[in-house]
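Residues per chain, in single letters:
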Amino acid sequence: MGSLPKVDRMGEETGLHRISAAVDSMGAPPPRPVEGPNELWEWLRLLNRRKALIVGSGLIAVVLMALVIAQATPMYKASSRIMLDTRTFKVVSTEAALSSVDTLNMGAIQSELEVIQSEFLIGRVVDRLGLASNPDFNGTRPPGFLDTALAPVRELWHSGISSLLAPAPPPQQQAQPAKPARVEDSDPGRRAAIGAVAGHLSVTLLGRTFVILVTVESTDGTMSARIANAIAEVYLADQVDNKNEANRRATEWLEERLAELRRNLQVAEESVATYRRDKGLAGSPEGSVSAQTLTDLNGKYIAAKTRRIEKESRLVALSKASLNPNEIANISEVASNPTLNGLRTQESELMRKIAEMSTQFGPAYPKLAQAQAELANLRQRFLQATQSITLAIRAELDAAKSEEEELKTQVDRASVLSGATSQYEAELKQLEREAQSNRALYESFLNRFKELREQQDIQRPDARILAYAWPSGSPSSPQYKTGLFAAFLVGCLLGMAGAIAAEKLDRVFRSASQVEKATGVAVLGMVPLVRNTIGQRASIVGQILDKTTSSAAEAMRAVFTAISLSNLDRPARVIAVTSSTPGEGKTTFAAALGGLLTKMNASRRVLLVDLDLRQAKLAVALGLNDRGGTIDEYLMGTKTIEQCIQRQAMSGVDYICASPNTPNAPEILESHAMKAALATFSERYDLVILDSPPVMAVSDARIISQLADYTIFIVHWARTPRDVVKTAVAALLNVTDRVGIVINKVNLAKHALYEYGDYGDYYSRYHGYYGVGARGNSGGSSAAKSEPSGFAKLKRIVPGIK
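Residues numbered from 1 in each chain as written. Predicted model: local features only at pLDDT ≥ 70, side-chain atom pairs only at ≥ 80, totals over all residues. Heavy atoms only, no water.

## Focus: the overall build of the protein chain
(1) Moving on: Within the protein chain, the secondary structure is distributed over 29 helices and 12 strands.
(2) Moving on: Sorting the 802 residues of the protein chain into buried and exposed places 39% on the buried side.
(3) Moving on: In the protein chain, the proportion of contacts linking residues at least 24 apart, taken out of those at least 6 apart, comes to 82%.
(4) Moving on: Summing over all exposed atoms, the protein chain offers an accessible surface of approximately 45600 Å²; the carbon and sulfur share of this is 56%. (Helix = DSSP H or I, 4+ residues; strand = E, 2+ residues; numbered from the N terminus. Buried < 20%, exposed > 50% of the residue type's maximum accessible area, 1.4 Å probe, protein only. Contact = heavy atoms within 4.5 Å. Areas by Shrake-Rupley, 256 points an atom, 1.4 Å probe, with all protein chains shown as cover.)

Put into structure tokens, the structure is as follows:
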């Protein structure tokens, strides 16, 4: 085997360093805003990927509903209409004997609805139509297939489940003697018929009107119409009967009450006549004359007293004014006296002249003394006139006092004379009022009694039948279209609930973001599922090597590119491939990756080493019949390295197989010989891929991860439990920090339903891009004619890399 020229490896390393420097010189890109998940879009995607479950549940519900409908007995509905009378029908005015339905009170209308549905009224309908002997109503009809099939379920419910859910029974009370049952109650057929009619009876108010809709449903359309009409007629008849009964009871009560009132009236009138005769008041108007006289005397006495008070007030005012001449002019008697007014005018004129003369001529002027003498004379005359008025008022006051005293004496005398007569009259008026009250009450009850007697023959119900029921030609139930559609909707809703439950209970990984969030380790890539028609691992590896431009091959190259770029200073030369549990495709991935890298670049030397010393499946993955020399034989020194290393003809990759069920596998892997072998392999090959056992099965994988430069952890898409993956990754991270995850066997068709936007979504959306390349280069083996490797792609992107 030729060795890779050293200049090529150095050139590749130099090119990678140039890429790193170029990326560093560009600077860190500005952070992009993280767009939050669209909740509505997430729900729509959930429904889309679970549409098979949802639609399937709906179809199953439709099939079950179709079976139920096929076994159900057709039912027919018939409806009659009753309109409550909003007018109060009365021949004469009466208020208490009968009470019509208050159609403006919704509570009263609801009470009428309950009356129509009452057991008593339905019992009258049953008796009228003879439904107690009808097999469809008395419970003697044989059950159908569906009822027979559900009978065990009903029996189980009534025997066990219902007793557990039922409330605790009330405490036992003292047994009461049983009342004798009525004949109707003792008939089980009648009771069953009443229950059957009540169970299929619907009484509703039609909108905001006063029309009551009575709907009956049964297996016979004609019988439904007869029952609906009978209920309406019995309801009206029951109203008339109730009114007649109320009228009869009211009439009987009024008769008894009238007899009692008649006796009370007779007693009251006899008491009035007897009292008049005993007190001598019968036919004599003296009492009323004495009362009138006393009233007149009281009026005159009060008037005389008022006049006396008025005279006293005038006299007092005049006496006070005489002390102050300036205020005497305000007295009405003085102001209205013309003589006094003339004197006051003369007095004012003299006082003016005196003032003028005093001012002009002085006090010694002779005429001034004469004027003053005239003023004194004038004032003397004014005082005499005022005293005359005072004496006149005093005389009037004395006359008023005399009149008041005389009237007071007359009033006292009249009061004494009429006292006894007034007492008799008061007692007589009390007796007359009692007699009048009894007479009015008697006449009122007598008029009410006459009204009731007149209404006995003209009673009418407070409602009327607006429309009679007619037999229906088409069944009302089961409703095939509505039932099937409702079943489909319910089934779909249950399917949605199941889909949501399945999503919430999904404990596997379906996207790279889920894996990275749960483990904290980066996902290197997602490898699509390769369909294997032969059923062998070798056919999967063969398909990948045969179609080097397929999405699976591109995914594996992307994984290797990611590993190469993860550490440019110390590229990984030894790569371990492991998983958490068996069956996740780690051996197939390792074989396909090694063969693909060798086939795409013939100058790259790759060695596959099977370190799964317990299962040793690498030979199966490569399709080998002869394992040749194995790694355990080389480590024990029984064979040389040339005897152990073999080459696959299809891809040109070198490999070393292992023997299954090798004893002491951990000791062998931890030996110095193993470390020396890996050092030898690294010197002779550019890349060494180690196929290690699962992490959770044995401890070998952790030992191998310590020996490798990089560990690829394989996760089976939508199968490996999350907890198992997290535990296995945590175990690997305890021994090495260079771990990358590859999601394997991704079903692109199912993955596309989730639309995660990761590698798998790209492969599923743009699979045609890989198909064209696959058809064009499916048979090529040289690097010049095939899709370039990850490093060759970088040479196209970054100029100057040699």
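## Some remarks on the nonpolar core
(1) Moving on: The biggest cluster of nonpolar side chains holds 40 residues, and the ones touching the most others in it are Phe589 and Ile712.
(2) Moving on: Here the element with the most residues in this core is helix H18 (residues 586-600); it accounts for eight residues.
(3) Moving on: With near-sequence residues (within four places) excluded, Ile712 lies in contact with Leu524, Val559, Ile563, Ile575, Ala576, Val577, Thr578, Phe589, Leu593, Gly740 and Val742.
(4) Moving on: Core analysis: the next-biggest nonpolar cluster, separate from the first, contains 36 residues, Ile122, Ile227, Tyr235 and Ala463 among them. (Core = buried A, V, L, I, M, F, W, Y, C linked by side-chain atoms within 4.5 Å.)

## With respect to the environment of Tyr301
(1) Moving on: Checked against the element boundaries, Tyr301 lands in helix H10 (residues 286-322).
(2) Moving on: Sequence separation between Tyr301 and Leu407 is 106 residues; the distance between their C-alpha atoms is 5.2 Å.

## Observations regarding the sheet that holds strand S6 (residues 574-579)
(1) Moving on: If you walk across this open sheet you meet the eight strands as S5-S12-S11-S6-S10-S7-S9-S8, and the pairing is mixed. Each having just a single partner strand, strand S5 (523-528) and strand S8 (646-647) make up the two edges of the open sheet.
(2) Moving on: As paired elements, S5 and strand S12 (residues 739-746) share four bridges and run parallel to each other. Looking across to S12, one finds that Gly525 is bridged to Val742.
(3) Moving on: This element, helix H23 (residues 672-684), spans S6, strand S7 (606-610), strand S9 (654-656) and strand S10 (687-691) of the sheet and lies at about 140° to S10. (Pairing = 2+ DSSP bridges. Axes fitted to C-alpha atoms, helices over the stretch in contact; angles between N-to-C directions.)

## Side note on the side chain of Thr215
(1) Moving on: Here Thr215 lies in strand S3 (residues 211-218).
(2) Moving on: Relative accessible area serves as the criterion here: at 12%, Thr215 is assigned to the buried category.
(3) Moving on: Side chain to side chain, Thr215 and Ser79 meet in a polar contact 2.8 Å long.
(4) Moving on: Sequence-distant contacts of Thr215, that is, excluding residues within four places in its chain, are made with Lys77, Ala78, Ser79, His200, Leu201 and Ser202. (Polar contact = N/O pair within 3.5 Å; in protein donor to acceptor, adjacent residues only side chain to side chain.)

## Details of the sheet that holds strand S4 (residues 463-467)
(1) Moving on: Judged by pairing direction, the sheet is antiparallel, and its four strands sit side by side in the order S2-S3-S1-S4 without closing on themselves. Each edge of the open sheet is held by one strand with a lone partner, namely strand S2 (201-205) and S4. Between one strand axis and the next, the sheet turns through 25° on average, direction left out of account.
(2) Moving on: As paired strands, strand S1 (residues 76-84) and S4 are joined by four bridges and run antiparallel to one another. Counted as the bridge partner of Leu84 is Ala463 from S4.

## A few points about the pattern of salt bridges
(1) Moving on: Throughout the structure, instances matching the rule amount to 25 salt bridges.
(2) Moving on: One salt bridge connects Arg248 with Glu252, and the closest N-O pair in it is separated by 2.9 Å. Residue Arg248 and its partner Glu252 are located together in helix H9 (residues 221-279), separated by four residues, close to a single helical turn.
(3) Moving on: Here Glu642 ties to Arg684 by a salt bridge, and the two come within 3.8 Å at their closest N and O atoms. Here Glu642 is found in helix H21 (residues 641-644), whereas its partner Arg684 is found in helix H23, with 42 residues between them in sequence.
(4) Moving on: Judged by relative accessible area, which is 54%, Glu642 ranks as exposed.
(5) Moving on: Given the relative accessible area of 32%, Arg684 is considered partly exposed. (Salt bridge = Lys/Arg side-chain N within 4 Å of Asp/Glu carboxyl O.)

## Regarding helix H24 (residues 700-707)
In an α-helix, one full turn covers 3.6 residues, which means residues spaced three or four apart are oriented alike.
(1) Moving on: Within H24, burial applies to Asp700, Ala701, Ile703, Ile704 and Ser705.
(2) Moving on: As for H24, its buried residues are in contact with S6, helix H22 (665-669), S10, strand S11 (710-716) and helix H25 (722-733).

## Thoughts on unusual backbone geometry
(1) Moving on: Cis geometry marks the peptide bond from Ser477 to Pro478, where omega comes out at 0°.
(2) Moving on: For Pro478, the location among the structural elements is in the loop between S4 and helix H14 (480-504).
(3) Moving on: Here Asn664, not a glycine, exhibits a phi torsion of approximately 55°, which is positive.
(4) Moving on: Mapped onto the elements of the fold, Asn664 is located in the loop between S9 and H22.
(5) Moving on: Asn664 sits in the exposed class, given a relative accessible area of 54%.
(6) Moving on: The backbone of Lys745 shows a phi angle near 60°, a positive value even though the residue is not glycine.
(7) Moving on: Relative to the helices and strands, Lys745 is located in strand S12.
(8) Moving on: Among the residues examined, Lys745 registers a relative accessible area of 26% and is labelled partly exposed.

## Brief notes about the packing of aromatic side chains
(1) Moving on: In total, this model carries two aromatic pairs according to the counting rule given.
(2) Moving on: Centroid distance Trp253 to Phe445: 5.7 Å. Interplanar angle 50°. Geometry classified as tilted. Linking Trp253 in helix H9 with Phe445 in helix H13 (residues 366-455), this pair joins segments that are 192 residues apart in sequence.
(3) Moving on: For Phe445, a relative accessible area of 17% puts it in the buried group.
(4) Moving on: Residue placement shows Arg257 over the ring face of Phe445; its charged tip is 5.8 Å from the ring centre.
(5) Moving on: The ring of Trp717 carries the charged tip of Arg510 above its face, separated from the ring centre by 5.6 Å. (Phe/Tyr/Trp six-rings, centres within 6.5 Å; stacked < 30°, edge-to-face > 60°. Lys NZ or Arg CZ within 6 Å of the ring centre and 35° of its normal.)

## Concerning the packing of helix H3 (residues 51-71) against H14
(1) Moving on: Taken N-terminus to C-terminus, the directions of H3 and H14 make an angle of 145°; their axes are 7 Å apart at the nearest point. Crossing of H3 over H14 shows right-handed handedness. Of the residues in H14, those touching H3 at Leu53, Ile54, Val55, Ser57, Gly58, Leu59, Ala61, Val62, Met65, Ala66 and Ile69 are Tyr480, Gly483, Leu484, Ala487, Phe488, Gly491, Cys492, Gly495, Met496, Gly498 and Ala499.
(2) Moving on: Looking at the contact of H3 with H14 residue by residue, the class counts come to 16 nonpolar, six polar and no charged. (Left-handed = near helix turned anticlockwise from the far one by under 90°. Nonpolar A, V, L, I, M, F, W, Y, C, P; charged D, E, K, R; others polar.)

## Quick notes on the environment of Gly583
(1) Moving on: Topologically, Gly583 is positioned in the loop between S6 and H18.
(2) Moving on: Once the C-alpha coordinates of Gly583 and Val715 are considered, the two residues, 132 residues apart in sequence, prove to be 10.0 Å apart.
(3) Moving on: Once residues within four sequence positions are removed from consideration, Gly583 is found in contact with His716, Arg719 and Lys745.

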